[in-house]
Amino acid sequence: MKSFRIISLLIISILISSCSKSDGTYEEVIKYPNVKAAFGTKVDLDNLIDYAGQTVPPYITKDNTTLGNSITNKGATLGRVLFYDKNLSFNNSVSCSSCHQQANAFGDVAVASLGANGSTARHSMRLINTRFASEFKFFWDERATSLEMQSTMPIKNHDEMGYSGLNGDATFADLITKLSAIGYYKELFKFVYGTEEITESKMQLALAQFVKSIQSFDSKYDAGRIQVASDSDVFPNFTNEENDGKNLFLTSPVFDNTGNRISGGVGCAQCHKVPEFDISVNSHNNGVIGTISGVGIDLTVTRAPTLRNLVKPNGSLIGPMMHTGVFTTLEQVLNHYGTITVAPGNTNLDQKLNPTGIGQQLHLTSTEVNSVVAFIKTLSGTAVYTDTKWSNPFLN
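Residues numbered from 1 in each chain as written. Predicted model: local features only at pLDDT ≥ 70, side-chain atom pairs only at ≥ 80, totals over all residues. Heavy atoms only, no water.

A. Region of the structure containing the overall build of the protein. The helix and strand tally for the protein stands at 12 helices and 4 strands. C-alpha atoms of the protein, sized along the principal axes, occupy 95 × 55 × 35 Å. For the protein, the proportion of contacts with a sequence separation of at least 24, taken over those separated by at least 6, is 64%. Of the roughly 18,100 Å² of accessible surface on the protein, 56% is carried by carbon and sulfur atoms. Looking at the protein, you have 32 positive and 36 negative side-chain charges, and the mean spots of the two groups are 6 Å apart. (Helix = DSSP H or I, 4+ residues; strand = E, 2+ residues; numbered from the N terminus. Contact = heavy atoms within 4.5 Å. Areas by Shrake-Rupley, 256 points an atom, 1.4 Å probe, with all protein chains shown as cover. Lys, Arg positive; Asp, Glu negative; His and termini not counted. Charge placed at Lys NZ, Arg CZ, Asp CG, Glu CD.)

B. Fine view of the side chain of Arg80. Looking at the element boundaries, Arg80 is found in helix H3 (residues 73–84). Lacking a salt bridge, the buried Arg80 has Asp387 as its closest oppositely charged neighbour, with an N-O distance of 8.2 Å. Of the polar contacts made by the side chain of Arg80, one reaches the backbone oxygen of Ser391; its length is 2.8 Å. Among residues more than four places away in sequence, those in contact with Arg80 are Lys42, Val43, Ile49, Tyr51, Phe210, Thr388, Lys389, Ser391, Asn392 and Pro393. (Buried < 20%, exposed > 50% of the residue type's maximum accessible area, 1.4 Å probe, protein only. Salt bridge = Lys/Arg side-chain N within 4 Å of Asp/Glu carboxyl O. Polar contact = N/O pair within 3.5 Å; in protein donor to acceptor, adjacent residues only side chain to side chain.)

C. Seen up close, the pairing of strand E2 (residues 261–264). Where strand E1 (residues 253–255) lies against E2, 3 bridges are found, and the strand directions are antiparallel. Its bridge partner being in E2, Phe255 is matched across the sheet by Arg261. Taking the residues that link successive antiparallel strands as the turn, the E1-E2 hairpin has 5 residues, and the phi of Gly259 there is positive, at about 85°. (Pairing = 2+ DSSP bridges.)

Here it is as structure tokens:
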């Protein structure tokens, strides 16, 4: 017992001496000093923001975290820092958030986003509810087979973030060396993974967890959906126009043998499945095949973001739509689908838009257009635009 007391007193003495100052006073040992210096209370590793335990409505059944890499509070916290850090570009000029802005539902108002060396080839896709989708491939042309793979591809793109390793560009290994010298990454990677070592795989896991955490289920649609048994029921909180728009959205059109709608609805839900409003896995292109540069035609665009949060809480559009940014109003989008012209060379048009081999002619009335637009606006929530869990931790 005597030896135990001696050892205990020795440990206490060591702890006290480690906190002592030259003037005889004592100060608290600060954990994670580099994180605290860089972010203050915006990133508190002792009191993590809850990313993993967010509420998901019971009618939402899709969850592609079942593919692996489930959200953790530690991983998403690191992912948030990486997402907003301009150090991930070769000249410290842009971050992931430069093209995917919280104020715009994690999309961009520019037709083509500005990268470290130039503009992106396509309009930046919004990152809302990526976790709740049947389609787990990413980019407009689905060239990334997972969100994890996608997360570092812009970093290795010459135009976007500049670590391509080609034609004089720095390599991804150069980026890892750069990040490894930053104090807050030493602490963050050790906190999340148990070691300061930074790898591309660790970065991918963390970035993907943060993006998967960005969810929006506080819309007028969600307030109505929770009160009914199915989407086909009348939503008690909707106006007549919004309920009419919902029915048009859900109901498939009936065509004659020349592609003219003779009855039924607009059929948006054939490609944009409710209640997630993500794109159907087997969709082909939607007839928008021009490239931003106007060179050639682009037949490979078959991915699309969810239709949720196309407008801000004030009703204004979050930015241009489609991979070319060609449409600036919801009415223009509906008019496009209302009259599909099969462009020469478009061998990949979705068959649902091409009944009987002829582009669909919906013959939309102004009342129908207004109703569908009214319904689409009910899909926008509010928290995603301002919630601090998804905000820039570098801002003062």
